[in-house]
Amino acid sequence: IPSVVNRAKVGGPIVSEAMNILRVQPHTSLSTKISASVFFGVTTLSSIFFTGSSMNFIVFGLLSLQDQQTIQTIGWITCSFTVGVILMMFYIIASSIFFSTREKFQISRNIIDMQIQARGPMTQIEWLTLGIVTFFIASVFTIQYHRIPLEWLSLFTLFIILSTHLVDIRKWQTETDWSFLIFLATI
């Protein structure tokens, strides 16, 4: 998700629910440490992934055409690996200094069993979604062998998702941030 705000919208409820399940008390050093980790992941690590930030597309646009063809998704991760390692080391050191706490997670086996039972077995739609995502990721990583452009793979994946009704078309049309996508396309 190339927008920090949208990543925070997706991650916030997940983290809140996880902190509830783990019985982490609000306004404690442990809850602050978890919140800082989420903030770090949502903001700082966005430079590592090609689609992590709209600024990455601006930097990509400044590259020569030859470099743009060389540095695609996998190339971007390869080039940003050093930056990612340095950022992670900086975060680990900074969080150990600023968020030192002796509090530990208390995860009982009963909580895990209750969550697994509440989720139930995977439905047919979830299996289909997992298969489509796995297909797309495998296609992206093997693009050098089959030579199908990423745009066609993305379009084909979107066609499968829409034709199998995994996403409601009307809901997709109304809930998509079209202004941001148009902005991203122009960048």
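Position of Ser 46 among the secondary structure elements: in the loop between helix 2 (29-42) and helix 3 (54-62). Among the polar contacts made by the side chain of Ser 46, one reaches the main-chain carbonyl oxygen of Thr 43 at a distance of 2.6 Å. Those residues within four positions of Ser 46 in sequence are excluded, and the remaining contacts are Arg 7, Gly 52, Ser 53 and Asn 56.

Locating Gln 68 in the fold gives a position in helix 4 (residues 65-70). Classification of Gln 68 by relative accessible area gives buried; the value is 16%. There is a polar contact of 3.5 Å between the side chain of Gln 68 and the backbone oxygen of Gly 61. Excluding anything up to four places from it in sequence, Gln 68 contacts Phe 60, Gly 61 and Leu 63.

A surface patch of nonpolar side chains, about 390 Å² in accessible area, is lined by Met 55, Ile 58, Val 59 and Leu 62. By secondary structure assignment, the location of Met 55 is in helix 3.

Quick look at the packing of helix 1 (residues 4-21) against helix 2 now. Look at helix 1 against helix 2: their axes get within 10 Å of each other, and the N-to-C directions meet at 155 degrees. Classified by the angle their axes make, helix 1 and helix 2 are roughly antiparallel. Crossing hand, helix 1 versus helix 2: right-handed. Of the residues in helix 2, those in contact with Val 4, Arg 7, Ala 8, Val 15 and Met 19 of helix 1 are Ser 31, Ile 34, Val 38 and Val 42. Along the lines of polarity and charge, the residues of the contact of helix 1 with helix 2 split into seven nonpolar, one polar and one charged.

Here we come to helix 9 (residues 150-163). Taking 1.5 Å per residue as the helical rise, helix 9 with its 14 residues ought to reach 20 Å, and the 20 Å between its terminal C-alpha atoms agrees with that figure. Buried within helix 9 are the following residues: Leu 153, Thr 157, Ile 160 and Leu 162. Those residues of helix 9 that are buried are in contact with helix 7 (124-141), helix 8 (143-146) and helix 10 (169-175). Backbone geometry just downstream of helix 9 places His 165 in the positive-phi region, at approximately 60 degrees.

Before going further, it helps to spend a moment on the packing of aromatic side chains. Summed over all chains, the structure comprises two aromatic pairs. Both rings, one in Phe 40 and one in Tyr 91, keep their centres 4.3 Å apart while their planes meet at 15 degrees; by these two values the pair is stacked. Remark: Tyr 91 occurs in helix 5 (residues 73-98) and Phe 40 occurs in helix 2; sequence separation between them is 51 residues. This pair shows no difference in class: Phe 40 is buried, exactly as Tyr 91 is. Between Phe 135 and Phe 156, the ring centres sit 5.9 Å apart and the planes meet at 70 degrees, which makes this aromatic pair edge-to-face. Of the two residues, Phe 135 sits in helix 7 while Phe 156 sits in helix 9, which places them 21 residues apart along the sequence. On the basis of relative accessible area, Phe 135 is assigned to the partly exposed category, the value being 38%.

Conventions used here
- Residues numbered from 1 in each chain as written.
- Predicted model: local features only at pLDDT ≥ 70, side-chain atom pairs only at ≥ 80, totals over all residues.
- Heavy atoms only, no water.
- Helix = DSSP H or I, 4+ residues; strand = E, 2+ residues; numbered from the N terminus.
- Polar contact = N/O pair within 3.5 Å; in protein donor to acceptor, adjacent residues only side chain to side chain.
- Contact = heavy atoms within 4.5 Å.
- Buried < 20%, exposed > 50% of the residue type's maximum accessible area, 1.4 Å probe, protein only.
- Patch = residues over 30% accessible without salt bridge, like charges linked within 9 Å, V, L, I, M, F, W, Y side chains within 5 Å.
- Areas by Shrake-Rupley, 256 points an atom, 1.4 Å probe, with all protein chains shown as cover.
- Salt bridge = Lys/Arg side-chain N within 4 Å of Asp/Glu carboxyl O.
- Axes fitted to C-alpha atoms, helices over the stretch in contact; angles between N-to-C directions.
- Parallel < 35°, antiparallel > 145°, perpendicular 65-115°, else oblique.
- Left-handed = near helix turned anticlockwise from the far one by under 90°.
- Nonpolar A, V, L, I, M, F, W, Y, C, P; charged D, E, K, R; others polar.
- Expected span 1.5 Å × (residues − 1).
- Phe/Tyr/Trp six-rings, centres within 6.5 Å; stacked < 30°, edge-to-face > 60°.

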